[in-house]
Structure formats: structure tokens, C-alpha cells
Amino acid sequence: MSCIINIMRSAFFVTTFTAATMTATAMETDSLSMRTGMTDWVDPIKAVPDNCVYVTYPSPHRGEGTEASCLVYLPPAYQTDSLSRYPVIYYLHGGTGNQREVRWLIKRVDSVIKSGSMNPAIIVSPQALPIGWYINANTNDKKVLSGPIEDVLIKDLIPYIDNHFRTRASRESRGIEGFSMGGRGALMLAFKHPELFGSASSVAGAVVDWDEEPLQRALECTFGDINSPLSKVYFNAWHPMTFACQNRDAIVDSGMKIRMFVGNADRLYEENGNHITDRFHSRLDTLGIPHTYTIVPGANHNPEEIFGTESIPYATDFWDMAFMQSDSIGIPAEILSFAKEYFPNERIVSVTSLPDPRGTHYVMRLGNGDSVKFNEHFKWIRIEAGAGQHVPASIIHNGIQTYLASQHLNVDRVIRIEKIPKVGYDVMLADGNSLLFNTEGHLIPPTNR
């Protein structure tokens, strides 16, 4: 009992955003904010954020006949398009938290998906015990309350989601994110299973070492008696850095996308000269594992502060870029290479094949509204810019650029360019004027056409 009481008093791993954003009265009446028991694998509170469903699934790795629960966010297109499949973001809650913590993330993602600024994705938030650290607990120790969380998530939950929802069941289309204890868990599970996850995001991840956890009882309930040296050995064996070292080559070779956030008012960033997240970031650099690390001015240990209106926006383009590889499955390599060279910061929305007497043609549509048509040999034959966009200058023939400059016209006025067989290029400018150039990029006057 003392273990449970002391953990609930912890100021570090408590999921602080609920307390920071709600009054005491609201927390009493808002079922999304209610706590769960320390050993509740099934959340007894079935309240869900908007556009979510409450799901229970079998957890045989806990024991025969057992179940666990999760929340699943389904994008609007899921209900209207019965054929499409979607990438999945697994969200891991913080210490003393529960599956309902995910609402801060869903609120942001749902908004940008509806606005068209992010490709649709599914979000899954499992109930993973308030003090489980996302590992298979040291159940040989009588003080341990947790259980085989890793096995349940990896071996029970992921297969269940892939079998019961229209997911893209590949590592490229599977990401994982978490806050605090969940941020640590996201990195640990991604680094341990690079064959399952193509991207990982840690929001104020608790990448602490054994002696840096201020409430040792929070360790004891998962790793074992704090006075036993074996408990520290067990803790170190499950540290995300351990798996980063063990699987370094697989992580790098797979192209895993990794990001970390922390507020500079968080003790994880600095406490008495101890920079916990900086140290972890430096170790990843030393290993040569690519990642981004963002320090948010003024933010404390709270995702609502990290991604608040006065700090930085929640960058959903991370997921679009991470999932782009999964979106590209089945797309010809020549088209992927073209997009990477000329549109490196744009996501591919779709590639459609078109029948043609000379061979199949293709149309690639990008997130900014641009479209590119390719011939049967995957060579571009027409590029049309979306609203407010222009054709990339790097594609436009140097001779055409020279002519535009001589007429005091900026190259960014080109909104469409098309190759005309045996003639050259048809170029449309933003004012609607059309110019014809030969294959050398020289203007063909109207009288010579």
C-alpha cells in the first residue's frame, strides 16, 4: 500500500497536464480526468475524446482469458472511405496516467487532418498501468505490482489493431509517441524493435538513470526492491540507451525518424547542473543515430506547455514525412526519386496511373497542390503548380530562365510547364500568358509557330 500512496504523491511522473488545465471541480465531474487503479489493465472509465472508440482486446501474454483496453482515434475519412488503409501512431501515457491522456494529441491531430494539412492516420492509446515503465516487469520480486507490458503491447495489441482496423501493417507506417514515462517507453520500444516501428517521438521523455528518479518507490513497483543491486541491473537492461547501443545499425539502416522535445523549465532539462535529456541527445549523436532535439523556452513537464500557443506548434508534418515511405509502397522508384530531388519537403498524396496508347502514364499529386505528369518511361511531361505555388526553378531549362530574366520576370511566375514532343516547352505564367520555347530554351516567337 505504501508503494501506491507514495507514487500518487510523485511530482515528476504524474501526468501534469490534466491538473494544469482543469479546476478541481472540473476534474471531479469530467470522467476523462478520473484516475485508474495501479493494476487496472482495463480502464474502468469508458469516456472517450471526440472521434474515438473504446476498445478491449485479448491479452494472452498476461494469462489466459485476460483483457486490456485502449482508445482508438479514427480519422473522418475512415468512415467515408471503406477501401483506404491508414498509418498508425501508438501513444504511450505518462506515469500515473491512463489511456485517456491521449486527448491532448487527438485534439491537435484531428484539427490538422480536417484542415487537410495532415494525411489521415489512426491513433491508438493503450491502458498500460500507471507505473509500468513499458517493460516486462521483474515479477520475481514480491514488491513489484506491474506486469508484462511490453509483451502485451507488442505481441497482443499491435496484431489486434492490424487485424481489426484498416491499418498499413508495416514498420514504415507504424509510429510511436509518448509523454514523460511514455516518452521513455516510446524510445525504448522503438529502439528495441526497429523492425516494427519506423518513427518515434518523445515528449519530455523520462530518460533518467537509476539515481535520478526522485521517487525510488516508482522504480520499486516495476524493477524490484530498491535496496537490491539486481533491481538496478534490471533497470539498466531496459534503458532505451541500452537498446540504442545494441541495435544501432538496424536503427540507422532502417531510416527510423526520431524526435525529442523538452521544456527548459523541466527538471529533465536541468536540475542542479544535471541535464538529463541533453545527455541522452548527446549519446545518440555519439552513436550516429539521426534525430531532432527541441528545447522549448519556458515550458515545464507538461505537453500543453510544450505545444502551447506561446511556445511551438505540434509539428504533424513529422508524421507525414515519417509515413511518406509507407505511402510510397507500390510507387515506381523513378517517381519517388524525382519527388525527393525536386520536391524534398512535400508529401506525396497520391500517384495515379493513366492508360495511354503509348504506355501507362502517371500523375503524382503533392501536399501543396502541385501535380506532375510522367510518361511511360517515368520522365516528367507536365508540371502544374497548386494555388499560390510555382514550378521549382531547378526544373526549368536554363535558357528559359535566362529569357525570363531578360524580360525582368521572376522565375517564380511560372505556374505550369509542359514538354511538347519535337518542339520544346510550353510555359504558362501567373498572369495567364503562355510562352513557347524550343528544346534549347530559346523563345519561339508567335509568328514562327
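Note: the structure precedes this text.
Computed from a predicted structure; not experimentally measured.

**Student:** Let's hear about the overall build of the protein chain: which residues, and what values?
**Tutor:** A count of helical and extended segments in the protein chain gives 16 helices and 15 strands. By its C-alpha atoms, the protein chain is 95 × 50 × 45 Å across when sized along the principal axes. Within the protein chain, residue pairs in contact and separated by at least 24 positions form 63% of the contacts whose partners lie at least 6 positions apart. Of the roughly 19800 Å² of accessible surface on the protein chain, a fraction of 51% belongs to carbon and sulfur atoms. In the protein chain, the 39 positive side-chain charges and the 49 negative ones have mean positions that sit 3 Å from each other.

**Student:** Requested: an account of the sheet that holds strand E2 (residues 67-73), with residues and values cited.
**Tutor:** Here eight strands make up an open sheet; going across it, the order is E1-E2-E4-E3-E5-E6-E7-E8 and the pairing mixed. Strand pairing shows two members of the sheet lacking a second neighbour, strand E1 (52-58) and strand E8 (292-296), which therefore form its edges. On average, each strand axis in the sheet is tilted by 20° relative to the strand beside it, whichever way the strands run. By the bridge criterion, five bridges tie strand E3 (residues 88-92) to strand E5 (residues 174-179) in an arrangement that is parallel.

**Student:** Tell me about unusual backbone geometry, and please be specific about residues and values.
**Tutor:** Although it is not a glycine, Leu129 sits at a positive phi angle of roughly 70°. Tracing the backbone shows Leu129 in the loop between strand E4 (122-126) and helix H6 (149-164). On the basis of relative accessibility, which here comes to 0%, the residue Leu129 falls in the buried class. Despite not being glycine, His408 has its phi angle at roughly 60°, a positive value. Examined against the element boundaries, His408 turns out to sit in the loop between helix H16 (398-406) and strand E13 (414-420).

**Student:** Before we move on, can you summarise the pairing of E13 with the specific residues and values?
**Tutor:** Sheet analysis places strand E12 (residues 380-384) next to E13, joined by three bridges and oriented antiparallel. Residue Glu384 lies in a different strand from E13, and its bridge partner there is Arg416. Direction of pairing for E13 relative to strand E14 (residues 424-429): antiparallel, over a ladder of six bridges. Within E14, the position partnered with Glu418 by the bridge is Asp426. The hairpin turn running from E13 into E14, its antiparallel successor, is three residues long, and Lys422 in that turn takes a positive phi close to 65°.

**Student:** Describe in detail the sheet that holds E13, supporting the description with residues and values.
**Tutor:** Within the open sheet, the seven strands sit side by side as E9-E10-E11-E12-E13-E14-E15. Their pairing is antiparallel. Where the open sheet ends on each side, the last strands, each with one partner, are strand E9 (348-354) and strand E15 (434-438). Direction aside, the axes of adjacent strands within the sheet are offset by 20° on average. Note that strand E10 (residues 361-366) and strand E11 (residues 371-374) share four bridges and pair antiparallel. By the bridge assignment for E11, Arg365 is matched with Ser371. The strands touched by helix H15 (residues 333-342) are E9, E10, E11 and E12; relative to E10, the strand with the most contacts, the crossing angle is about 35°.

About the criteria used
Residues numbered from 1 in each chain as written. Predicted model: local features only at pLDDT ≥ 70, side-chain atom pairs only at ≥ 80, totals over all residues. Heavy atoms only, no water. Helix = DSSP H or I, 4+ residues; strand = E, 2+ residues; numbered from the N terminus. Contact = heavy atoms within 4.5 Å. Areas by Shrake-Rupley, 256 points an atom, 1.4 Å probe, with all protein chains shown as cover. Lys, Arg positive; Asp, Glu negative; His and termini not counted. Charge placed at Lys NZ, Arg CZ, Asp CG, Glu CD. Pairing = 2+ DSSP bridges. Axes fitted to C-alpha atoms, helices over the stretch in contact; angles between N-to-C directions. Buried < 20%, exposed > 50% of the residue type's maximum accessible area, 1.4 Å probe, protein only.

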